[in-house]
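# Survey of secondary and tertiary structure
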Amino acid sequence: MGDDLLQRVRVHGVVPAHIAIIMDGNGRWAAGRALPRPLGHHAGMSSVREVVEGCLEAGVSVLTLFAFSQENWQRPAGEIEALMSLLEEYIAREMSELRAQGVAVRILGDLDRLTGGARRAADRIVAETGGGTKLALNLCISYGSRAEIVRAARLLAEDAAAGRIDPAAIDEEALGRRLYTAEWPDPDLLIRTSGEMRISNFLLWQLAYAELYVTPVLWPDFTRRHLFEAILEFQRRDRRFGRVLA
Ligand code: FPP
């Protein structure tokens, strides 16, 4: 599926090393079918499988997905519960396949707020897939970018107070090394589904030079073909990083 587009991605140019996705529109997808919102989130799991497969096929190294924001804790209790059990279901359903495919899963965010079951499942998948070398899959859960930057600032302050770092030596790299994403290069491409033109407190620091791609497609309808279309569009962009290119 999508072989024609994959071929074009391969011959067209540089494949982004790191893709980040704001998976939006599950609620609207469900409402359009007169279904309860949690069923939209459930349908969204198949799109996660699609983009993981697509990244493996295209040779993307890092995929970072926004699955649950800090702001999402303000949703009705029933929906939060559904999202937490969905995380457990996703992990139970996908763990062995992800491991077999060489996908290393990491969970980024304030994990202390997760329910007991979701936290245990998260710890298990990180431990069990740690050896994966084909694709790093980062699931941002209970994640907010400003909180992540504040946490990094606090870690820097602690290191400075303990004499481990000279305040004059604090630079972008020093802060970047204290973000959840320290191990990976910044995203080259941000995809947002369902047409909203917002960053929504996602990877504010890391997206400094990312190419933005917004599609009207709702997340549960998003397939690897849509991913390849986004990569093809990325390959047509002229990335200058603030410079003038000859
Ligand atoms: C935004 O849609 C989506 C979410 C809040 C949840 C995303 C979760 C998944 C795709 C589930 C599977 C993934 C994993 C890794 C467990 P929305 O509810 O804001 O949609 P709306 O804007 O149409 O209301």
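Details of the structure are given in the entry above.
Worth saying up front: this structure is predicted, and the values here are computed from it rather than measured. (Residues numbered from 1 in each chain as written. Predicted model: local features only at pLDDT ≥ 70, side-chain atom pairs only at ≥ 80, totals over all residues. Heavy atoms only, no water.)

### Things to note about the site of the ligand
Around the ligand lies a shell of 19 residues, among which Asp 24, Gly 27, Arg 28, Arg 37 and Arg 75 are the nearest. One of the backbone N or O atoms of Gly 27 is found 3.0 Å from an oxygen atom in the ligand. Within the contact set of the ligand, an oxygen atom lies 2.8 Å away from a side-chain nitrogen or oxygen of Arg 37. Alone, the ligand offers 620 Å² of accessible surface; in the complex the protein occludes 91% of this. In a pocket analysis with a 2 Å cut-off to the grid points, the ligand is assigned to the largest pocket. At the level of secondary structure, the elements contributing two or more residues to the shell around the ligand comprise α2 (26-31), α3 (37-58) and α4 (77-100). Along the lines of polarity and charge, the residues of the shell around the ligand split into 10 nonpolar, 5 polar and 4 charged. (Near = heavy atom within 4 Å. Polar contact = N/O pair within 3.5 Å; in protein donor to acceptor, adjacent residues only side chain to side chain. Areas by Shrake-Rupley, 256 points an atom, 1.4 Å probe, with all protein chains shown as cover. 1 Å grid on protein atoms, 1.4 Å probe; cavity = no way out; pocket = protein on both sides within 12 Å on 5 of 7 lines; lining within 4 Å. Sits in = over half its atoms within 2 Å of the grid points. Helix = DSSP H or I, 4+ residues; strand = E, 2+ residues; numbered from the N terminus. Nonpolar A, V, L, I, M, F, W, Y, C, P; charged D, E, K, R; others polar.)

### Considerations on the pairing of strand β5 (residues 189-193)
In terms of burial, β5 is a largely internal element, 5 of the 5 residues being buried. Both faces of β5 are covered, namely the face carrying Leu 189, Ile 191 and Thr 193 and the face carrying Leu 190 and Arg 192. Pairing of β5 with strand β6 (residues 211-215), which is carried by 5 bridges, proceeds in the parallel orientation. Each residue of the ladder has a partner; that of Ile 191, found in β6, is Tyr 213. (Buried < 20%, exposed > 50% of the residue type's maximum accessible area, 1.4 Å probe, protein only. Pairing = 2+ DSSP bridges.)

### Details of the packing of aromatic side chains
Inspection of every chain in the model, using the stated rule, returns 6 aromatic pairs. Measuring from centroid to centroid gives 5.2 Å for Trp 219 and Phe 222, while their planes differ by 20°, and the two rings are stacked. Residues Trp 219 and Phe 222 agree in their burial class; the two are buried. (Phe/Tyr/Trp six-rings, centres within 6.5 Å; stacked < 30°, edge-to-face > 60°.)

### A few points about the environment of Pro 167
Summarising the element assignment, Pro 167 is placed in the loop between α6 (145-161) and α7 (172-176). Considered as a pair, Pro 167 and Val 244 are 77 residues apart in the sequence and their alpha carbons are 33 Å apart.

### Comments concerning unusual backbone geometry
Backbone geometry places Ala 34, a non-glycine residue, at a positive phi of 55°. Here Ala 34 is to be found in the loop between α2 and α3. In this structure, Ser 194 takes a positive phi of about 75° despite not being glycine. Tracing the chain through its elements places Ser 194 in the loop between β5 and β6.

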